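Geometric and topological summary
So you can see what is in the structure, the chains are spelled out below.
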Amino acid sequence: MDMQTSLLDRLFASGLLIETGVDGLYGRSGKFEDVIAAFERLIETFGGDDGAEAIRFPPGMNRAHFEGSGYMKSFPQLAGTVHSFCGCELDHMNLLQCMAEGEDWTKDQQATDIVLTPAACYPLYPTIAKRGPLPAGGGLFDLQSYCFRHEPSKDPARMQLFRMREYVRMGTPAEVQDFRQLWMERGQKLIETVGLPVHVDVANDPFFGRAGKMLANNQRDQNLKFELLIPVTSTANPTACLSFNYHQDHFGSTWGLKTADGGTAHTACVGFGLERIALALFAHHGLDTNDWPAPVRKALWGA
Ligand code: ATP
Ligand code: ZN
């Protein structure tokens, strides 16, 4: 049995994660959620005094905003759309018959105005652009959302529905680059506080297709994305648990987001993969949080 399967099996056996029959779609136990809640409080001890505006979007976003973001150009393979039955009574009868015969009943489902959120920050840019130019000093936002990515896997660290906690900075290039640098340092300290080995490296997003290879290379060459890696299921292939992304003026020009002096805003975000961090903690410290090292328990629960 490979290591990935065995961690997943141990998580199921302990009840920390609950099987649904779909790879990457799991229930979470109260114990698992306690760890996520404690870790989010710890994030706030590092970032809570920066004055970020907290916003919580649901895990679905406006389809028009999703289309405008260009996500389908880069990551069509990961996107999830919400479709519904929109027919008449006759269509309903056909649907039920189709289901009863074990045929594909989903082909007549119609796209709704909602798309599953692929990253917590996607709904934010059009929302903030609509307010008008940013104030002097730019903007800082605190987000958390379930996100969907169609990447079914037996690796427990690669889920299809998972939570991302993010801080997003908007402003001048210097403002957003300073923010990203600050969080690269804070992120490492934060993870060290909970007794996990860390390593930061330049990274790229999984852009689709042949043209995507070029986009990925550009992203790496320009140091636009860094990841904080922690071994979860493998020491040879550690898992990206935090990402530090500099989008330059991509979202600023896409949404007409302006700085106070009328320039196109630059943006950056730091994203915490909350399930991945919880899994890293369980993988390193054991499946029973009562047995975790005292300093780790103190950092998370104060005792
Ligand atoms: P990967 O390279 O592993 O696919 P990513 O670079 O696409 O991850 P981001 O788009 O930067 O990830 O997402 C921000 C954070 O969300 C990541 O650092 C990671 O911790 C978490 N994350 C991304 N994909 C998943 C997933 N499938 N399951 C659980 N967490 C994820
Ligand atoms: Zn983001």
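Residues numbered from 1 in each chain as written. Chains lettered and ligands numbered in written order. Predicted model: local features only at pLDDT ≥ 70, side-chain atom pairs only at ≥ 80, totals over all residues. Heavy atoms only, no water.

**Structural notes on the packing of aromatic side chains**
Using the criterion set out here, one finds 13 aromatic pairs in the structure. Residues Tyr 71 and Phe 75 carry aromatic rings whose centres are separated by 5.0 Å and whose planes lie at 50° to one another, so their mutual orientation is tilted. The exposure classification of Tyr 71 matches that of Phe 75, with both residues buried. An angle of 20° between the planes, with centres 5.1 Å apart, marks the rings of Tyr 167 and Trp 183 as stacked. Taken together, the residues span a long stretch of sequence, with Tyr 167 in strand β8 (residues 161–171) and Trp 183 in helix α7 (residues 173–193) at a distance of 16 residues. The pair formed by Tyr 167 and Trp 183 is uniform in burial state, with each residue classed as buried. An aromatic cluster is built from Phe 66, Tyr 71, Phe 75, Tyr 122, Tyr 125, Phe 207 and Phe 251, whose rings are joined through pairwise contacts. (Phe/Tyr/Trp six-rings, centres within 6.5 Å; stacked < 30°, edge-to-face > 60°. Buried < 20%, exposed > 50% of the residue type's maximum accessible area, 1.4 Å probe, protein only. Helix = DSSP H or I, 4+ residues; strand = E, 2+ residues; numbered from the N terminus.)

**Description of the layout of surface pockets**
Volume-wise, the second largest pocket comes out at about 190 Å³. Contributing to the lining of the second largest pocket are 13 residues, with Phe 85, Asp 91, Leu 95, Asp 108 and Gln 109 lying nearest its centre. No other element matches helix α5 (residues 89–100), which puts four residues into the lining of the second largest pocket. Within the lining of the second largest pocket, the residues separate by chemical class into five nonpolar, four polar and four charged. (1 Å grid on protein atoms, 1.4 Å probe; cavity = no way out; pocket = protein on both sides within 12 Å on 5 of 7 lines; lining within 4 Å. Points joined across faces, edges and corners; volume = space filled by probe spheres on them. Nonpolar A, V, L, I, M, F, W, Y, C, P; charged D, E, K, R; others polar.)

**Notes on the pairing of strand β6 (residues 110–116)**
Where strand β4 (residues 60–62) meets β6, three bridges bridge the pair, whose relative direction is antiparallel. Looking at β6, one finds that Met 61 is bridged to Val 115. The pairing of strand β5 (residues 81–84) with β6 spans three bridges and is antiparallel. Within the sheet, the bridge partner assigned to His 83 lies in β6 and is Ala 111. (Pairing = 2+ DSSP bridges.)

**Here we look at the coordination of the zinc ion (ligand 2)**
Coordination of the zinc ion (ligand 2) by the protein comes from Cys 121 (SG), Glu 166 (OE) and Cys 269 (SG), over a distance range of 2.2 to 2.3 Å. If you list the donors of the zinc ion (ligand 2) from N- to C-terminus, the spacing comes out as C-x44-E-x102-C. One end of the pair, Cys 121, is in the loop between β6 and α6 (124–130); the other, Cys 269, is in strand β12 (residues 266–273), with 148 residues separating them in the sequence. An identical accessibility class is assigned to Cys 121 and Cys 269; each is buried. (Donors = N, O, S within 2.8 Å, 3.2 Å for Na, K, Ca; no water.)

**Some words on the sheet that holds strand β11 (residues 239–248)**
Taken together, the seven strands give an open sheet; going across it, the order is β3-β7-β8-β12-β11-β10-β9, and neighbouring strands pair in mixed fashion. Both edges of this open sheet fall to β3 (53–55) and β9 (199–202), since each of them pairs with a single strand only. The mean angle between the axes of side-by-side strands here comes to 20°, regardless of whether they run parallel or antiparallel. Against the sheet, helix α2 (residues 30–47) contacts β7 (139–148), β8 and β12, and its axis sits at roughly 10° relative to β8. (Axes fitted to C-alpha atoms, helices over the stretch in contact; angles between N-to-C directions. Contact = heavy atoms within 4.5 Å.)

**What to know about the packing of α2 against helix α10 (residues 274–285)**
One way to put it is that α2 packs onto α10 with a least axis distance of 10 Å and a crossing angle of 110°. When the interaxial angle is binned, α2 and α10 end up roughly perpendicular. Between α2 and α10, the contacting residues are Lys 31, Phe 32, Val 35, Ile 36, Phe 39, Glu 40 and Ile 43 on the first element and Leu 274, Glu 275, Ile 277, Ala 278, Leu 279, Leu 281 and Phe 282 on the second. (Parallel < 35°, antiparallel > 145°, perpendicular 65-115°, else oblique.)

The values are spatial; any link to function lies outside them.
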